[in-house]
Amino acid sequence: SKISRAMDGKIRTLCGSHLMNPIIKNLLWLSHEIGREDRHLAILGEGNTSADAGDGPFWVKASGSNLSTLDEVDLTSVRFDAITAALDDTNLDDSGVREVLLASRADTDAKIPSVETFMHAVCLHEGGAQWVGHCHPVSVLQILCSRQGAAPFLQHVFPDEIVVCGRHLGVVPYIDPGIELARS
């Protein structure tokens, strides 16, 4: 397809002749597309992406990395079992999150995964998604930061919304990123 050829060209430019895992290649493409400044989906390259590797672990953007400039070294392979065990551990709070994130890496030399890794694990493992693109669209933030807050999102606004997005709405009140957000 035209999109696939464009993606191949962009990734080939980034990686030269290096043969890259197709999941990583596509995750980098997704990250760069979400991180494009002209799309206004990620303020200052913030947001996160992840993909199920299909063989046990999943790939997630490393902490402190920028979506628009993400490279292969900025992705961390994370073990589902370590993250899901942490979610089930009711004694774990934010003070122990860093240790869990470090221990969850499939490669101990890899960068620490994003604090949002817990939410990505829920979407990939529990939700059955293969890819997750978590961004902060400026247009949505403008509404959420207005006096209306989340009120417009508590009911269906457009007739086709049910067809495209499904019958049930999901609005989560603001919670600091990390394990508590994933648990909610």
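Structure first, text after, so check above.
Computed from a predicted structure; not experimentally measured.

A. Focus on the pairing of strand β1 (residues 48-52). Most of β1 is tucked away, with four of its five residues classed as buried. Examined bridge by bridge, β1 and strand β4 (residues 131-134) share four bridges and lie antiparallel to one another. Each residue of the ladder has a partner; that of A51, found in β4, is W131. Relative to strand β2 (residues 57-61), β1 runs antiparallel, the two sharing three bridges. Bridging from a neighbouring strand, A51 pairs with W59 of β2. Where β1 hands over to β2, the hairpin turn is made up of four residues, of which G54 adopts a positive phi near 80°.

B. Structural view of a nonpolar patch on the surface. There is a patch of nonpolar side chains on the surface, built from I143, L144, F153, L154 and V171 and spanning about 400 Å² of accessible area. Checked against the element boundaries, V171 lands in the loop between α7 (161-165) and α8 (179-183).

Criteria and thresholds
- Residues numbered from 1 in each chain as written.
- Predicted model: local features only at pLDDT ≥ 70, side-chain atom pairs only at ≥ 80, totals over all residues.
- Heavy atoms only, no water.
- Buried < 20%, exposed > 50% of the residue type's maximum accessible area, 1.4 Å probe, protein only.
- Helix = DSSP H or I, 4+ residues; strand = E, 2+ residues; numbered from the N terminus.
- Pairing = 2+ DSSP bridges.
- Patch = residues over 30% accessible without salt bridge, like charges linked within 9 Å, V, L, I, M, F, W, Y side chains within 5 Å.
- Areas by Shrake-Rupley, 256 points an atom, 1.4 Å probe, with all protein chains shown as cover.
- Salt bridge = Lys/Arg side-chain N within 4 Å of Asp/Glu carboxyl O.

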